Amino acid sequence: MAHITINQYLQQVYEAIDNREGSFCAELLSFKHPHVANPRLQLASPEDKCQQVLEPPYDEMVAAHLRCTYAVANHDFVEAYKFQTLVVQSFLKAFQSHKEENWALPVMFAVTLDLRIFANNAEQQLQKKGKGQPSEMLEKAAEQLMSCFRVCASDNRAGIEDSKKWGMMFLSNQLFKIYFKINKLHLCKPLIRAIDSSNLKNDYSPAQKVTYKYYVGRKAMFDSDFKLAEEFLSYAFDHCHRSSQKNKRMILIYLLPVKMLLGHMPTHQLLRKYDLMQFSDVTKAVSEGNLLLLNEALSKHETFFIRCGIFLILEKLKIITYRNLFKKVYLLLRTHQLPLEAFLVALRMMKVEDVDIDEVQCILANLIYMGHIKGYISHQHQKLVVSKQNPFPPLSSVS
Amino acid sequence: MNRRRSRRISHSQRRGAPSEGQWRQRDKEQWQGEGKAQVRQADEEEQKPRQHEEDTVPKGTCQTMCPAQELRDREAQNRLHHFEMLPGTEKDRRPKGDPSRAVKEYSRPAAGKDSTKPSDLRPPPVLLKTVNYLINDIAAAPSLYPWTEVYTFVFDRLRAVKQDMIIQRMSGLDCVGILERTVRFLIYASYRLCGEPLRLYDPRINDIHLQEYLSWLLDCYMTKTGPHPNQEEFQSLSLLYNLGSARTMQHTMQLPLRLRSTPNIKLALFINQAFLERNPVRLLRLAQKLNFLQTCALHRHLMTCRQDLLLVYSHGYSSRNCRFPLDRLAKLLFLDASLTAQLCRSCGVEVNKDNQVVFSKAAFTEPGQGTLHCKLYHSIASEKQRDLTVKNIVQSCVETNKK
């Protein structure tokens, strides 16, 4: 592969297309395949050669691909991205003309993946030079992927085996990756809706389903829909292949905060197994109602949490921490008429200095409103009056 | 292989790559509207080398605020604004234009209209001069006309400035000065004109444009390495204007630590956290530390925060014997007693004849659309305005916080 001539290469491509060999054709167009390192293929102007062997639009597609290999060999990812755009465009023209057949799906997977990767690389290169608008290339790549998605989603004629709809989940996953990167999560919604209403949704490959649920779970987290987030992320974690430690760890990074918000703290072993000890102090702080430790833990690992995008969600654990602290106060005083002062004292002991009695009342009122405390505040008596039965319902039963 | 008779797509059909700005305008239309995936053909990029691209970027040569041709045309068609008329000719059948006060107006891009003529485009220094004129001499000047008219004129002329910037593909430091002033103006306007009738001022339109300018400004800070002396101010204004937006917060959290730890940004972050924790008491307290313009940015959220306080307290204090002093509530809301009572009434919260609030979770109701007039509750901002002039507010680079 690394030594074939351009003619041999083009002949292989021609035959792959002619025989509808999707996987092989995909390899010949993918940057994961060794042919891209072959200098004989890295031509600056391959158009003529391609036109001699291939029909339009395949000639354009392959010519652009070869130009792309040239650009990549020169480490010019901005150029590479430009040419990969042409590859995807030409591919789409061909793909649309395939009536009631889907043999080219592997090709689509390969070229769209490379498009996203080059968009990433190109943006990084531009950023270093101080040029270009942030996210510009990724947004354009997303538009192209959406065009492919639409072609797949609107394939209503073919039977299930030949349907292009099988490409939808892969493309959704690619689009999710872009939308999360450019921080435009609301764009995930139409994709989720389309997949949800598809009759194929449970039949995609396990790998695709895990990736899909991972992103949909993260989106649910972002929307503060924690029950849904737990469902999706748990599925992803449970079905993720045992050998993909890295992926399992990534899923856990998002599953853990959700579970903690629902009152389930991870064990020490779990954290150690997946090298997530950043969460251990957070866990300890929340279960003990220790606001001081929580603030310290969040501050200590701030960079990590921000990079993963979970810092803001972990801040929500403050409410749970207040609840746990106040429950301790209740258990200590053993009465269901609790003076507000007691809560203030508890907070001071946790070195929370900037909260006064008014704010304590507000925090308590909020906990009551959210259902974490059953009772009411009496301003006249400056007391929190809690229900004699189960005044602090279990966290999992509340949100 | 089937001989495909498909047509070759001729490379001459390739359009020019869209300018960043045009793409930006489509950006707003495109990504608005939940779930509407608009159809857009991916543009075929030109394969010319970079330097040729630079030759085709329009460069303005017009040294006046209004291109001479446009002034002549509008004068002939009697389409001058009274702010642009030569004094003394306003009552004439065809008033004359004053070249020192006429400003290029916004016009929709249209097929067949060439918006790239250099003589019609104003280069960066002229654009900045124009913006300063609009702020100092129109927005901040005493006027016989209601401020809604002043706003409409300035808004439109600023939009034309933006258009010139986009056509000339201005970026980075050139834009920053213009965008900063524009953002300040629109934020101030969102407060001052709050409550005006819809036909005179539409808060939604102000909001859409403000978000676009703000987003462009923050992008400029990101792509061009500094120094950006006002970045702290505008990052914090963005956080306050977009209170509760996870996206804005996430963006802020990813700023360099040194920037994130500046007092204005920290305060804005704390206010956002108080909002997310649903602690309106804390939020309103922290808001006291904001300066006037920051309060303007935040003000549209304050009604929601106050309502939220009443909602949460309606649940937290819900009991038959509840007696919560109105004065105390007023202090928490940073309103006077009578406005507090009015707000309670609008939310179904009972205030008895001894000025005690009787909270009850069953009683609280969301006030209907249009029953709450934000303008009545503006004291939190108006107190801070004191002797600040419009010019101070929009041109000022340094505003000190009340500590």
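Shown above is the structure to which this text applies.
So, here is what we can say about the structure in this document. Everything numeric in this text was worked out from a predicted model, so none of it was measured.

The rules we used
- Residues numbered from 1 in each chain as written.
- Chains lettered and ligands numbered in written order.
- Predicted model: local features only at pLDDT ≥ 70, side-chain atom pairs only at ≥ 80, totals over all residues.
- Heavy atoms only, no water.
- Helix = DSSP H or I, 4+ residues; strand = E, 2+ residues; numbered from the N terminus.
- Rg over C-alpha atoms; globule rule 2.2 N^0.38 Å.
- Buried < 20%, exposed > 50% of the residue type's maximum accessible area, 1.4 Å probe, protein only.
- Contact = heavy atoms within 4.5 Å.
- Areas by Shrake-Rupley, 256 points an atom, 1.4 Å probe, with all protein chains shown as cover.
- Lys, Arg positive; Asp, Glu negative; His and termini not counted.
- Charge placed at Lys NZ, Arg CZ, Asp CG, Glu CD.
- Arc of directions from axis to C-beta.
- Pairing = 2+ DSSP bridges.
- Axes fitted to C-alpha atoms, helices over the stretch in contact; angles between N-to-C directions.
- Parallel < 35°, antiparallel > 145°, perpendicular 65-115°, else oblique.
- Left-handed = near helix turned anticlockwise from the far one by under 90°.
- Nonpolar A, V, L, I, M, F, W, Y, C, P; charged D, E, K, R; others polar.

Quick word on the overall build of chain A
In terms of regular secondary structure, chain A is built from 20 helices and three strands. On C-alpha atoms alone, chain A measures out to a radius of gyration of 28 Å, which is more than a quarter above the 21 Å that the 2.2 N^0.38 rule sets for 399 residues. The principal-axis extents of the C-alpha atoms in chain A amount to approximately 90 × 50 × 35 Å. The buried share of chain A, reckoned over its 399 residues, is 60%. Of the contacts formed within chain A by residues at least 6 apart in sequence, a portion of 61% connects residues at least 24 apart. In the form shown here, chain A has an accessible surface area of approximately 17000 Å², with 51% of it arising from carbon and sulfur atoms. The average position of the 49 basic charges and that of the 40 acidic charges among the side chains of chain A differ by 7 Å.

Side note on helix α14 (residues 326–333) of chain B
Residues and elements named next belong to chain B. The complete set of buried residues in α14 reads L326, L329, A330, L332 and L333. All buried residues of α14 project into a common sector of 160° when viewed along the axis, lining one side. Seen from the buried face of α14, the exposed residues on the opposite side, beyond 90 degrees, are D327 and K331. At the exit of α14 stands F334, carrying a positive phi of roughly 55°.

Focus on the environment of T321 of chain A
All names here are of chain A. When you line up the elements, T321 lands in helix α18 (residues 317–333). According to the relative accessible area criterion, T321 is buried, its value standing at 0%. Between the C-alpha atom of T321 and that of L261, which follows or precedes it by 60 residues, the distance is 9.8 Å. Residues within four places of T321 in sequence aside, it is in contact with A285, V286, G289, N290, L291 and L294.

Points about the pairing of strand β2 (residues 375–378) of chain A
Residues and elements named next belong to chain A. Bridge count between β2 and strand β3 (residues 383–386): four bridges; the pairing is antiparallel. Within β3, the position partnered with I377 by the bridge is L384. Connecting β2 to the next strand, β3, in antiparallel fashion are four residues, including Q382 with a positive phi near 50°.

Considerations on the packing of helix α9 (residues 188–196) of chain A against helix α10 (residues 206–222) of chain A
All names here are of chain A. At a minimum axis distance of 12 Å, the contact between α9 and α10 shows a crossing angle of 130°. Between α9 and α10, the interaxial angle falls into the category oblique. You can see that α9 and α10 cross each other, and the crossing is left-handed. Judged by residue contacts, C188, I192 and I195 of α9 engage Y212, V216 and K219 from α10. Here the contact of α9 with α10 is built from residues that sort into five nonpolar, no polar and one charged.

These figures capture arrangement, not role.
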